[in-house]
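Topology and contacts: notes
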Amino acid sequence: MSTADIGLIGLAVMGSNLALNIAEKGHTIAVTNRTASKIDDFIANAGDLADRIIGKADLVEFIQTIKRPRSIIIMVKAGQPVDDMIEQLLPHLDKGDAIIECGNSLFTDTQRRFDYLTPKGIGYLGVGVSGGEEGARHGPSIMVGGSKEQWHNAEAVLTAIAAKFNGESCCAYLGEGGAGHFVKTIHNGIEYADMQMIAEVYGVMRDGLGMSPSECAKVFKKWNEGPLNSYLIEITGHVLDYTDDKTGKPLVDLILDKAGQKGTGRWSAIAAQQMGVPATAIEGAVAARSVSSVKDERVAAEKVYGKPSAGSADVTLEDLEKALLAGKIVAYAQGFAVLQKASEENGWALPLATIAKIWRAGCIIRSRFLDQMSAAYAKGGNQNLLMVPDFVAVMQDSHTALRKVVAAGALGEFPLVCLSASLSYFDSYRQARGTANLIQGQRDFFGAHGFEMLDREGEQHGVWPSTLDN
Ligand code: 6PG
């Protein structure tokens, strides 16, 4: 009998937490998993919610348990396993049913799957889910893209399980095809930049101001009560404050300085480059993770160039707070500019104010700042965030601090990849007369590429010397 409101395949951490969240919101859910024993274990541990969970080891039986038109969430590893699962499901689905893929998939893969399934009458939703394990269980931010009709079939469930900000659900339909996964990718690009800038500021505290982890923790905890209030600032305070049981030392001092990455940050930077949108803060954050991973080379290079002079950086904690705020505005401005361009190129009509809204709770980059941003975008216009009046005021107040901090990093010889990239972008963006006139001259010299001139119409060329010394 078809009794389940929705189905879910894949009971790993994210899948099982989403399933419990769905059951808790009063929906009956059918679940299945490749390793069948996991299904029984999952239901056995579901407590009171077990009554609303139907486990089926057989895929066909699982499908038949779901009410039509069916909504089937798949939570399997991104890449080929998603395509394999689609092929397994396809022969047993009916027109109007939908596959809802909730992993961190590359948006072009999602678009391809959408294009493949749509003519067959099967809906495909590529859904970005942010908030980690805890979010999946108690309320993630949910970025939906794909088949609009089938979105409406799953809307009640997805809206109910999402995080709430002032009573509003942090789940929204954002556009066709790969729109949802694209937005999640840029969320992660911003997440990378946000985390990197926080780490850089910690670096100034540690190497430039000689602060201990617990002293840094106190500062981050205080900042979390001000304009920087956010999940990432909050967890930074906790990470810095944590003591290793075994040694009694601050845990952060014992963690190897090599950061992992699964690809979404890199995809953001690649997408930005492909569309010709400058996203230097995101690119810097991805590059910084890559540099972090070549620990042996860094150790060798420090022997060649000597230890950074560090010492006493000429900055205050207030400068650092403002620098972080300014850098953050630039990173978000870049991320939103990438979203805007992708929206035009793909015909998605991405709602920027809604995106900022559904990032206000549940997701990793949730912050007070996003409430301010969604309000600013809601007033209309999709201009660069650096031109939105509320943020113009913050930048005017904080860019000098960013400048001081970046200068301290340069003189103290410690890297501020992302903060300096943000400052350079800001300075380039606000400079009416740039230096590309010279680039144009050079291009014309060696390749007759032509240039426009300030005082005459049409394409021009220089009359360059034909013989050179080099
Ligand atoms: C989220 C996160 C999550 C991502 C981790 C790890 O929004 O919940 O973005 O989706 O998997 O942040 O990403 P990296 O391993 O690339 O740092």
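Thresholds, definitions, all that
Residues numbered from 1 in each chain as written. Predicted model: local features only at pLDDT ≥ 70, side-chain atom pairs only at ≥ 80, totals over all residues. Heavy atoms only, no water. Helix = DSSP H or I, 4+ residues; strand = E, 2+ residues; numbered from the N terminus. Buried < 20%, exposed > 50% of the residue type's maximum accessible area, 1.4 Å probe, protein only. Domains from an automatic or database assignment. Contact = heavy atoms within 4.5 Å. Polar contact = N/O pair within 3.5 Å; in protein donor to acceptor, adjacent residues only side chain to side chain. Expected span 1.5 Å × (residues − 1). Arc of directions from axis to C-beta.

On to the environment of Thr-35. Take Thr-35: it is sitting in the loop between strand S2 (29–32) and helix H2 (37–44). Accessibility expressed as a relative area gives 46% for Thr-35, which makes it partly exposed. For Thr-35 and Ala-57, which are 22 residues apart along the polypeptide, the C-alpha to C-alpha distance reads 8.2 Å.

On to the domain arrangement of the protein, then. If you check the domain split of the protein, you get domain 1 (6–177) and domain 2 (186–429). Domain 1 and domain 2 are separated by 32 Å when their C-alpha centres are compared. Listed by partner, the interface residues are 24 residues for domain 1 and 19 residues for domain 2. At the boundary of domain 1 with domain 2, the tally comes to six residue pairs in polar contact (both at pLDDT 80 or more). Of all the secondary structure elements, the ones that give two or more residues to the side of domain 1 that touches domain 2 are helix H5 (107–117), strand S7 (141–146), strand S8 (164–165), strand S9 (168–169) and strand S10 (171–175). Sort the elements by how many residues they give to the side of domain 1 that touches domain 2 and S10 lands first, with four residues.

A few words now on helix H15 (residues 317–346). Across its 30 residues, H15 extends 43 Å between first and last C-alpha, which sits within 8% of the 44 Å expected from 1.5 Å per residue. Counted residue by residue, H15 has 21 buried out of 30 residues, so it is predominantly covered. In the segment just after H15, Gly-347 is the residue with positive phi, at about 65°.

Turning our eyes to something else, we now look at the side chain of Gln-460. Relative to the assigned elements, Gln-460 resides in the segment after helix H20 (436–447). You can call Gln-460 buried: its relative accessible area is 18%. A polar atom in the side chain of Gln-460 sits 2.8 Å from the backbone oxygen of Glu-457. Dropping the residues within four chain positions of it, Gln-460 is found in contact with Asp-444, Gly-450, Phe-451 and Met-453.

Our next topic: H5. Buried residues of H5: Phe-107, Thr-110, Arg-113, Phe-114 and Leu-117, and no others. Taken down its axis, H5 places every buried residue within 120° of arc, on the same side. Of the surrounding secondary structure, the elements contacted by the buried residues of H5 are helix H4 (80–89), strand S5 (98–101), strand S6 (123–130), S7 and helix H8 (179–208).

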